[in-house]
Amino acid sequence: MLRRNLILGTTAMAGLLAAGGMRALGDHVEVDVIIIGAGPAGIAAARRIAASGHSYALLEASARPGGRVVTDTALFGVPFDLGAHWIHMPRLHPLSKLGRKAGFDIYRGPVDMRLFIGHAEGSDADYRAFEAALGRTEKAIVRAGEAGRDVPASQAAPKPSPWNATAALLLGPLSCGKELGAVSTLDYARSEEEGVDEFCREGFGTLIAALAAPLAIHFLTPATAIDLRQRHPAVETPRGVLKGRAVICTVPPSLMADGRVRVRPGLPARYEAAMAHLSLGAYDHIAFQLSGNPLDLGRDEFACFQTDDSRHGCAILGRIGGTDLHSVEVGGSLARELAANEGAAEAFARAVVAEHCGSEAAERMGPVHATRWTEEPWAGGAFSCAEPGSAHLRGVLTHPVADALIFAGEHTHESLWGTVGGAWLSGERAARQALRLVSSRQVHA
């Protein structure tokens, strides 16, 4: 998110991790901790549980690990992150360090972004005017949140400026996956900021998959229900019922709110509210190869285009990994609209290139691939952003339910929400909580 300018080393550890999984779901086996979801939070939790010597079962509904962090190399012949791409706030979590230790090429991304008006790059005066409008808007939102006002960020509007819509685009759809009217000022104000992002040349999804590689994961095994009515919680799947001493659930809140995973006898009202109002925004990449570098962008440089309507603006992430791969970046209602209409995203991207790079460049574009995270069955969106009046609900999800069920995922982190680092740290927090519950149950057995 733009506002955040924004392998395991030993054979012994790998053996421990592999031993932590169940033999087969058809076996009548009870484990210490059942983990639902093999995204970053679930992977982090499983690694921590396995390292402690306790048993676990890691369930994943899809056929791969990583959740909303996945790298494709077949579409364009180079690494393309279909989901999370930026390693935000690398000093606040261990992912960059783990990646370097595993031999991945982790490098620092550009600090500044480029600004374009039509075909031309903005003048120095344009940059100053835009930065002033962006600063005023963000400061107004943060001031409202720091004052304890949990209201729509759009209410913190600064004085009129020709650049206000472009600022709203960057701070809303391209940072939060939602228009500012659907963003909580308090949630925004609590989010961490750091002036440095990093990238993984092999792909962020490749890094996360490598961290998951030593784990025993049950793929194509969605959890359908969590039963808390027994002494030991049980998790129902199409392949059978598992029992554990604790359950960690990393399912995105939108899917929990839709009843994709039921909790029996039901969640307390405050947890239900959290699932409903920490909803996922929309953010997609529309990727294509384009030679010649018509915008003269540096490696992984972000180019924003002036707009008079924040709901229909976009940006380009250029020369991904130093290649000819580019991506039109869209968020909020525009991303939802494009994802819902087959072929609309490609037409939009070609029109964007024609408008800002010229018709000749548009004709040289290669095949286009658009992500559609709002249409993904096990995601339902890109990342969470608290609705106005709901920022306090993130803290609710850090407390176990019935001393048995623990929630993790980026939506449960109060300051690193919307980031892979936040998801990872939440998984480690959930693992610590689960181990305490397991120890307590063993003492009282």
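Analysis parameters
- Residues numbered from 1 in each chain as written.
- Predicted model: local features only at pLDDT ≥ 70, side-chain atom pairs only at ≥ 80, totals over all residues.
- Heavy atoms only, no water.
- Helix = DSSP H or I, 4+ residues; strand = E, 2+ residues; numbered from the N terminus.
- Rg over C-alpha atoms; globule rule 2.2 N^0.38 Å.
- Buried < 20%, exposed > 50% of the residue type's maximum accessible area, 1.4 Å probe, protein only.
- Areas by Shrake-Rupley, 256 points an atom, 1.4 Å probe, with all protein chains shown as cover.
- Lys, Arg positive; Asp, Glu negative; His and termini not counted.
- Charge placed at Lys NZ, Arg CZ, Asp CG, Glu CD.
- Polar contact = N/O pair within 3.5 Å; in protein donor to acceptor, adjacent residues only side chain to side chain.
- Contact = heavy atoms within 4.5 Å.
- Core = buried A, V, L, I, M, F, W, Y, C linked by side-chain atoms within 4.5 Å.
- pLDDT = per-residue confidence, 0-100.
- Pairing = 2+ DSSP bridges.
- Salt bridge = Lys/Arg side-chain N within 4 Å of Asp/Glu carboxyl O.
- Disulfide = S-S within 2.5 Å.

**Student:** Explain the overall build of the protein here, please?
**Tutor:** When you go through the protein residue by residue, the secondary structure sums to 15 helices and 20 strands. Over its C-alpha trace the protein gives a radius of gyration of 22 Å, about what one expects of a compact globule, namely 22 Å for 445 residues. Counting across all 445 residues of the protein, residues that qualify as buried make up 60%. When the accessible surface of the protein is totalled, it reaches about 16900 Å², and 52% of it is carbon and sulfur. Of the charged side chains in the protein, 43 are positive and 48 negative, and the gap between their average positions amounts to 8 Å.

**Student:** How should I be thinking about the side chain of Thr 412 in this particular structure?
**Tutor:** Within the secondary structure layout, Thr 412 lies in the loop between β20 (405–407) and α15 (420–443). A polar atom in the side chain of Thr 412 sits 2.8 Å from the backbone oxygen of Gly 409. A polar side-chain atom of Thr 412 sits 2.9 Å from a polar atom in the side chain of Arg 429. When near neighbours in sequence (up to four residues on either side) are disregarded, Thr 412 contacts Arg 394, Leu 397, Thr 398, Phe 407, Ser 426 and Arg 429.

**Student:** How should the nonpolar core be read in this particular structure?
**Tutor:** General note: in soluble globular proteins, nonpolar side chains tend to be found buried as a group. If you look at the biggest cluster of nonpolar residues, it comprises 43 residues, and the most contacted ones within it are Ile 141, Leu 170, Leu 174, Tyr 188, Tyr 283, Phe 302 and Leu 325. Taken together, the elements giving at least two residues each to this core come down to α4 (124–146), α5 (164–171), α6 (173–176), β15 (283–289), β16 (301–305) and β17 (315–318). A total of seven residues in this core trace back to one element, the largest contributor, which is α4. Among the nonpolar cores identified, the runner-up in size contains 40 residues, and Phe 104, Ala 210, Ala 212 and Ile 406 belong to it.

**Student:** Help me understand the confidence of the model for the protein in this model?
**Tutor:** As a note on interpretation, predicted positions should not be read in detail where pLDDT is low. Averaged over all residues, the pLDDT of the protein is 92; the fraction at 70 or higher stands at 93%. Below pLDDT 50 for its whole length, residues 1–28 participates in 82 contacts with residues either more than four positions away or in separate chains.

**Student:** Looking at this structure, how should I read the sheet that holds β15?
**Tutor:** The strands that make up a sheet pair up through hydrogen bonds in the backbone, lying either parallel or antiparallel. Taken in spatial order, the seven strands make up an open sheet running β8-β7-β16-β17-β18-β15-β19, and their pairing is mixed. Looking at strand neighbours, the two that pair on one side only are β8 (120–121) and β19 (369–370), the edges of this open sheet. Of the pairings in the sheet, the one linking β16 to β17 comprises four bridges and is antiparallel in character. What sits directly across from Glu 301, in β17, is Gly 318.

**Student:** Help me out: how do you make sense of the side chain of His 326 in this one?
**Tutor:** In this structure, His 326 sits in strand β18 (residues 325–331). On the accessibility criterion, His 326 (4% relative accessible area) is buried. Within the structure, His 326 has its side chain in polar contact with the backbone oxygen of Asp 324 (distance 2.8 Å).

**Student:** Please clarify how the pattern of salt bridges should be interpreted in this entry.
**Tutor:** Pairing between side chains becomes possible if they bear opposite charge and their charged atoms approach one another. Per the stated rule, a full pass over the model turns up 16 salt bridges. Several salt bridges share partner residues, and in doing so they unite Glu 30, Asp 32 and Arg 245 into one network.

**Student:** I tried to follow the sheet that holds strand β5 (residues 87–88) on my own but got confused; where do I start?
**Tutor:** One open sheet accounts for three strands, arranged β5-β9-β6; its pairing is antiparallel. At either end of the open sheet lies a strand with only one pairing partner, and these are β5 and β6 (106–108). Pairing geometry for β5 and strand β9 (residues 197–200), over two bridges, is antiparallel. From the neighbouring strand, Ile 87 faces β9, where its bridge partner is Glu 198.

**Student:** Explanation requested: α5 in the structure shown.
**Tutor:** Each α-helix winds once per 3.6 residues, and so residues spaced three or four apart point in a common direction. Counting buried positions along α5 gives eight out of eight residues, so the element sits mostly inside the fold. Within α5, the full set of buried residues consists of Asn 164, Ala 165, Thr 166, Ala 167, Ala 168, Leu 169, Leu 170 and Leu 171. Turning to α5, the residues buried within the fold contact α4, α6, α7 (185–190) and β16.

**Student:** Any chance you could explain the state of the cysteines here in plain terms?
**Tutor:** Among covalent bonds in proteins, the disulfide is the one between the sulfur atoms of two cysteines. Across all of its chains, the model carries zero disulfides by this definition. Cys 385 carries a free sulfur, and the closest cysteine sulfur to it, the one in Cys 176, is 4.2 Å from it. Residue Cys 385 is classed as buried on the basis of its relative accessible area, which comes to 0%.

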